Amino acid sequence: MEQLLRGEKISAVDTGMGDHADIALFSGCYHLEKPVLYFPIRHHSPACAWHLKKTIEDYSPDCILIEGPQNAQEQIPILAHKETKAPVALYYFYKDKKGLLSEEKEDYKCYYPFLDFSPELIALREAEERGIHAAFIDLPYGEILIGTEEKKGIRTEGEKQTYNDDYLLSRSRYLTLLCQKAGLRNFDELWEKYFEIGGLFRTTEEFVRQMSVYCYLSRSHTPREELEADGCLLREQYMAERIAGASEVYKKILVVTGGFHTYGIMELLKENDSPAEPAAGKRKQKAGGSAGFLRCTAKPVRLHGLSDKDQGVYSLAYSMEAADALNGYASGMQSPGFYQQVWQRLLKEGVPDGNYEAAVLHQLVSAGRQARQKKESLSSYDVICALSMAKGLAALRGKHEPGLYELRDAALSSFVKGECSPSTDLPLRLLHKLNTGKQVGKLCEDALRPPLLLDFEEQCRVFRLKIQAAGQQEVVLELFSKKKHLAMSRFLYQTEFLGTGFAKRTKGADLLNRKDRNRIRETWNYRYTGQVLSALVDVSMLGGTVAEASRTRLLRDFAKSESSQEAAGLLARGFLMGFLEEQAGMGMHIREVLAADGDFFSLTEGFSHLRMLYELQELYEVEDSLELEDLIGVCFQKIVQLLPSMAQIREEQQQACMESCLSLYQITGRSSFSHFRQILLEAFDRLLCQPEIQPGLEGTVLGLLYGYDSSYDERIQRTAAGYLQGTDDMQMKSAAFLRGLFYTARDFVFVRENFLGMIDGLLAKLSVDAFMKLLPELRQAFGYFTPLETDRIAKKAAALHGVKKEELLKGRMVSPEEYEYGETLDAYAAETL
C-alpha cells in the first residue's frame, strides 16, 4: 500500500483509463528549479501545512496563488495580519436578484474557514512575512454557484455550506476499495495513517508525490459528468487562466490548490515556446494571457458581470466547534482541537518525532483530570493504560505513532467501565470536547465589519447592554411605563427572530404561546459570544441593520407561508418586533391563506394568534391596519363549519380542541363578535349530536353550554352518570370527560351536591390497576381548581365518609424502630445501585 501511494508501482495501478503516463508525469511534478511549482493540499491538514511551509522556504517564490474565490482578495491582509488569531473564516454571500440560479431569486452564503494549520493560511502568513505577492485565483462565489448544477457541489441542500470541497477526495469508488484493502474504517482513518502521521516522516518531495498519486487516482474514478455538474471543471479552467496570467508577471510561482484540482489545472496549462520576459516590479495580474511562460489551452471563462451589490465577502472570527467535521462542517479535518495540539508541538519541536504521541498523552491526561473533577472514578493508572494501549494499537496498525483513532479506541477500552452507555460514557464525551477544541478566533482592528454588526453594537450601546462582559447578563423591562424598555424589547425579539442566540426571555408574557399575558414586565438574559458574532454576520445579507434584516426575513417567510397557523404566527412575531406599519401590506396574503386553509388545528392556532393581536392592539393603543375584526370573523366561521366533524379527535389533540372551543366561546362575549354566539351554540349542538364523540371534548362543550344556559345542568348530570356509573369501558373514559367539564365549568361540582358523590362512588369500586390508569387524567381534571376550591372539595369528600377535613391532615406517628429500619433500607439500596 505504501509503495502504491508513493508512486513506486505506478504500472500496477489500474485507473480504468488505460494510460499511466499522466499519473507518472503528475507524481513527478515537484521540482524546485521549475518556474511554476504545484503543491496539492487537503484543507486543514497539519502535514500539508508543514510541508508547504518548508516548500516556501526552499522554493522562495515571487508569487503564491491560492485556491479561493477571487472576490476575497481584499481580505488577504486581514487574514495574514499578526493580530488576527485563528480560527477565522471568510463569509461569502450572493443575492440572486437576476434569477440566474432559480426563479425564487434566493440568497446564498458559504464559509471558507482557516485554522492555524490550514495550508492556505500558512501560505498567506508566509507570503506576508516574506513580502511575497499572494492572490486567490478561483471564481468569485456567485460565479461558482451559477456554474454548479442545482443540488450539486456547493449548492447541495441540507448542509451548512462551505467553500472547501474535500468530499471529492473521499467519496470515489477507488477510495472504498483502498480502505478495504488497507483494513481501515473510513477515509479519515486512511488519511491520518498514510498522510498525516506517515507524511511527516517523509521528505517534502516524497509527500507531494504521495499526495499527487492519491489525488490523481481519486479523480480518475470520478465521472467527468459529475465533475462538470459540481462546477469543478469550470473552476479549474478559471484557475488555469489566472496562473497563465501570473506567468506574464512573475518568474517563480507557487500554486496551492486542493489536491483533487491540481491535475485538472496542470492539464490545461502548456509551456509557451517563446515567452515574453516578465516585467520587473509589475504587480497587476492578467487572466488567461499567452505572453508568459504558460498558456491556458481552454477557452476563456465567460463571467456574468455580477454587481458588487449582489455579492460580497467579510472576514469573521470563527470557532473550533464550527470547524469540526463532526458538527456539520462538510470539509477538512475533523477534531481540530486534537490536531491543534499536534501542530503546536510541530512548530515548537521542529521535528516530526513524538508530536502525535505527545498530543495523545495530553488529551488523555486532560480528559482524565476533567472526569475526576466531575466525580468519575478514573485514575491516573487508567490514563497510563490508555496511553499504553494507544501505542500498542499504533504498532499493530503499522503507524509511526498513535493518532486520533488510537486515542479514541484506547479511551473507549480504558475509560469506560463495562458497557458503553449514557451513564458510563462521560469520559468519552469530555474527550470529544477536547478533540473539538474551545478556541475562538479574533480579527485585527483593520477588519471591515458588516453594517448590520455595527448597527447591533450601536443598539447595544444605546440600550446600555453590556456586550463586553464575559458572563451572562440580565435585564428587566417595564414595557408600559418606559418607552425605551419597549424599544429594547422589540430589539431583543428581533435578535431572537434572526436566530443569533444573543438573548432569551426568561420571564414575562409569552404572547406567542398565549401564556402569562397579564404580566407587565419582561426579564431577558443575554450574552455576547463568538457564536453570536457569526450568526449576525450570517444574516448580514438580509439588511444593513438588525431591524432591516428582521423585517426582510419576516416578509420573506410571510410571503411563503401556506397555513393559517404559520401566517398568523408571523404576524404576531412582527408585532412583538415593532413592525406595525408593515402589517397593512400583509392583509391580502393572510386572507388568501385563511380562504385556502382547511385544517382545523391550523385555523384554530391562527385564530388564537389573531385574537391575541386584536387584544394587544387595544392594550398598546395601536391602530388596526389589518382589519383584524374581519380576519377573525372569517377564521371563526371556517372553524365553526369544521367543528362538528371533530368529534373523533385523537387523545393528543384533546387539549388543543378544548382550548379552541373555549377561545371561540370567549370571543363571542365581546360586543364586536356577539353576533357569532348563536352560530357557535348551534355548532356545539351539532357536535354533541354526533353518534360518537371524544369524552374530553364532550365535557368541554357541555360546560360551555352550561355557562350560557344553566338548564344544561340536567344533561350534564345524565351524561356524567353514563360515564361514572356505566359499563367498565365507559368508566375508563370518565376521567377524560371530567377533565373537559372542569376545564370550562368547574363550578358544577359545587352546584350539584350529588355530583361529587358519583365521582366518589366510581373511585370506590375501581380496581387498583384501573385507578392507576385513570390517575394521570384525574390529576389533570382536578388541577383546574384553585387551592381554595380544592380545599372545599376535600371537605366535601371527607364528609362523604364521615370524616372531618382536619382529620385528613393528621397521620400516625412513625416509631423510632420504623425510622431506623427505613434508613437501613435506604443504605442497602444505595450500596446495591
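What you see is a predicted model; the values in this text were computed from it and never measured. (Residues numbered from 1 in each chain as written. Predicted model: local features only at pLDDT ≥ 70, side-chain atom pairs only at ≥ 80, totals over all residues. Heavy atoms only, no water.)

Regarding its fold elements, the protein chain presents 39 helices and 12 strands. Each of the three principal axes of the protein chain carries a C-alpha extent, and together these read 110 × 75 × 55 Å. Among the 833 residues that make up the protein chain, the fraction classed as buried is 54%. At a minimum sequence separation of 6, the contacts of the protein chain that also span at least 24 residues come to 75%. (Helix = DSSP H or I, 4+ residues; strand = E, 2+ residues; numbered from the N terminus. Buried < 20%, exposed > 50% of the residue type's maximum accessible area, 1.4 Å probe, protein only. Contact = heavy atoms within 4.5 Å.)

The next point concerns the nonpolar core. A general tendency of soluble globular proteins is for nonpolar side chains to be buried together. Within the largest apolar cluster, 235 residues are counted, with the highest numbers of intra-cluster contacts made by F136, Y214, L492, F502, F684 and F755. At 9 residues, helix 26 (residues 600–619) tops the list of elements feeding residues into this core. Counting residues in each nonpolar core, the second largest holds 23 residues, with I137, M239, L268 and L269 among its members. (Core = buried A, V, L, I, M, F, W, Y, C linked by side-chain atoms within 4.5 Å.)

A rise of 1.5 Å per residue sets the reference length of helix 27 (residues 628–642), with its 15 residues, at 21 Å; its end C-alpha atoms lie 21 Å apart and thus fit the reference within 8%. Those residues of helix 27 that fall on the buried side of the exposure criterion are L628, L631, I632, G633, C635, F636, K638, I639 and V640. (Expected span 1.5 Å × (residues − 1).)

Most of strand 9 (residues 311–317) is tucked away, with 7 of its 7 residues classed as buried. Alternating positions in strand 9 separate into two faces, Q311, V313, S315 and A317 on one and G312, Y314 and L316 on the other, with burial throughout. Alignment of strand 3 (residues 88–95) against strand 9, held across 7 bridges, turns out to be antiparallel. Directly across from Y91, in strand 9, lies its bridge partner Y314. (Pairing = 2+ DSSP bridges.)

Counted by the stated rule, this structure contains 33 salt bridges. With a shortest N-O distance of 3.5 Å, D538 and K109 are connected by a salt bridge. Of the two residues, D538 sits in helix 22 (residues 530–538) while K109 sits in strand 4 (residues 107–114), which places them 429 residues apart along the sequence. (Salt bridge = Lys/Arg side-chain N within 4 Å of Asp/Glu carboxyl O.)

With the rule as written, the count across this model stands at 34 aromatic pairs. For the ring pair F187 and W191, a centre distance of 6.0 Å and an interplane angle of 45° mean the geometry is tilted. A residue pair is termed a helical-turn pair when its members lie 3 or 4 positions apart in one helix, as F187 and W191 do in helix 9 (residues 187–200) at 4 residues. An identical accessibility class is assigned to F187 and W191; each is buried. Taken together, the aromatic side chains of Y706, F742, F748, F750, F755, F782 and F785 make up a single cluster linked through ring pairs. Directly above the aromatic system of W191 lies the positively charged group of R42, at a separation of 5.4 Å from the ring centroid. The positively charged end of R792 is found above the aromatic ring belonging to F750, 4.0 Å away from the centroid. (Phe/Tyr/Trp six-rings, centres within 6.5 Å; stacked < 30°, edge-to-face > 60°. Lys NZ or Arg CZ within 6 Å of the ring centre and 35° of its normal.)

Before going further, it helps to examine unusual backbone geometry. The step from A86 to P87 runs through a cis peptide bond, and the omega angle for that step is 5°. Its identity as a non-glycine residue notwithstanding, K105 has a phi of 55°, on the positive side. Topologically, K105 is positioned in the loop between strand 3 and strand 4. One non-glycine residue with positive phi stands out, namely R464, at about 60°. Its place among the elements puts R464 in the loop between helix 20 (451–462) and strand 10 (473–478). Residue class for R464 comes out exposed when judged on its relative accessible area of 69%.

Read from one edge to the other, the open sheet built from 3 strands follows the order 10-12-11, with strand pairing classed as antiparallel. Pairing within the sheet leaves two strands with one partner each, and these edge strands are strand 10 and strand 11 (503–507). When strand polarity is set aside, the average angle formed by the axes of neighbouring strands in this sheet is 30°. Note that strand 11 and strand 12 (residues 521–526) share 4 bridges and pair antiparallel. Along strand 12, the bridge assignment pairs K504 with N525. Contacting strand 10, strand 11 and strand 12, helix 21 (residues 483–497) runs over the sheet at an angle of about 130° to strand 10. (Axes fitted to C-alpha atoms, helices over the stretch in contact; angles between N-to-C directions.)

Another point: the side chain of T257. Within the fold, T257 resides in strand 6 (residues 253–258). Residue T257 is classed as buried on the basis of its relative accessible area of 1%. In this structure, T257 is in contact with F39, P40, I41, E67, M239, T262 and I265, ignoring residues within four places of it in sequence.

The next subject is the sheet that holds strand 1 (residues 36–41). On the basis of which strands lie adjacent, the open sheet formed by 4 strands has the order 1-6-2-5 and parallel pairing. Two strands bound the open sheet, and with one partner strand each, they are strand 1 and strand 5 (133–138). The sheet shows a mean angle of 25° between the axes of neighbouring strands, taken without regard to direction. Sheet analysis places strand 1 next to strand 6, joined by 6 bridges and oriented parallel. Paired with I41 across the strands is G258, a residue of strand 6. Strands in contact with helix 12 (residues 232–246) are strand 1, strand 2 (63–69), strand 5 and strand 6; relative to strand 5, the strand with the most contacts, it is inclined by about 150°. Packed on one face of the sheet, helix 13 (residues 259–268) meets strand 1, strand 2 and strand 6 and runs near 130° to strand 6.

Tracing the backbone through its elements, the reader meets L477 in strand 10. In this structure, the C-alpha to C-alpha distance between L477 and W524, residues 47 residues apart in sequence, is 8.1 Å. Dropping the residues within four chain positions of it, L477 is found in contact with H485, M488, S489, L492, I520, R521, E522 and W524.

A few words on helix 31 (residues 713–724). Under the 1.5 Å per step criterion, the end-to-end length of helix 31 is 16 Å for 12 residues, consistent within 8% with the ideal 16 Å. Buried residues of helix 31: D713, I716, Q717, T719, A720, Y723 and L724, and no others. Lining the buried residues of helix 31 we find helix 30 (695–708), helix 32 (728–731), helix 33 (734–745), helix 34 (748–751) and helix 35 (755–765).

Helix packing geometry: the angle between the two helix axes and the distance between the axes. Relative orientation of the contacting elements helix 28 (residues 654–667) and helix 33 amounts to 30°, with a least axis distance of 11 Å. In terms of orientation, helix 28 and helix 33 fall into the roughly parallel class. By crossing handedness, the relation of helix 28 to helix 33 is classed as right-handed. Residues Q654, Q655, M658, E659 and L662 of helix 28 form the contact with helix 33, whose participating residues are A736, R739, G740, Y743 and T744. Each residue belonging to the contact of helix 28 with helix 33 can be placed in one class, and the counts come to 4 nonpolar, 4 polar and 2 charged. (Parallel < 35°, antiparallel > 145°, perpendicular 65-115°, else oblique. Left-handed = near helix turned anticlockwise from the far one by under 90°. Nonpolar A, V, L, I, M, F, W, Y, C, P; charged D, E, K, R; others polar.)

To continue, consider the pairing of strand 4. Most of strand 4 sits inside the fold, with 6 of its 8 residues counted as buried. Of the strand pairs in this sheet, strand 3 and strand 4 are connected by 8 bridges, and their pairing is antiparallel. Along strand 4, the bridge assignment pairs L90 with Y112.

Here we come to the side chain of E401. Looking at where E401 falls in the secondary structure, it is placed in the loop between helix 17 (380–396) and helix 18 (404–415). The buried charged residue E401 lacks any salt bridge, with R345 as its nearest oppositely charged partner at 9.2 Å. Separated by 3.1 Å, the side chain of E401 and the backbone nitrogen of E357 make a polar contact. Setting aside residues no more than four positions away along its own chain, E401 makes contact with I197, F201, P352, D353, G354, N355, Y356, E357 and A394. (Lys, Arg positive; Asp, Glu negative; His and termini not counted. Polar contact = N/O pair within 3.5 Å; in protein donor to acceptor, adjacent residues only side chain to side chain.)

Right, let's talk about the confidence of the model for the protein chain for a bit. Per-residue confidence for the protein chain gives a mean pLDDT of 87; residues scoring 70 or more make up 91%. Within the model, pLDDT remains below 50 along residues 280–285, and this stretch shows 14 contacts once partners closer than five positions in the same chain are excluded. A low-confidence stretch, residues 326–330 (pLDDT under 50), is modelled with 15 contacts involving residues beyond four sequence positions or located in other chains. (pLDDT = per-residue confidence, 0-100.)

Now for the packing of helix 20 against helix 21. Contact pair helix 20 / helix 21: the axes reach a minimum separation of 11 Å and the direction vectors enclose 150°. The pairing of helix 20 with helix 21 is recorded here as roughly antiparallel in orientation. With respect to the hand of their crossing, helix 20 and helix 21 are arranged in left-handed fashion. Packed against helix 20, whose contacting residues are F456, Q459, C460 and V462, the element helix 21 presents K484, F491 and T495 at the interface.

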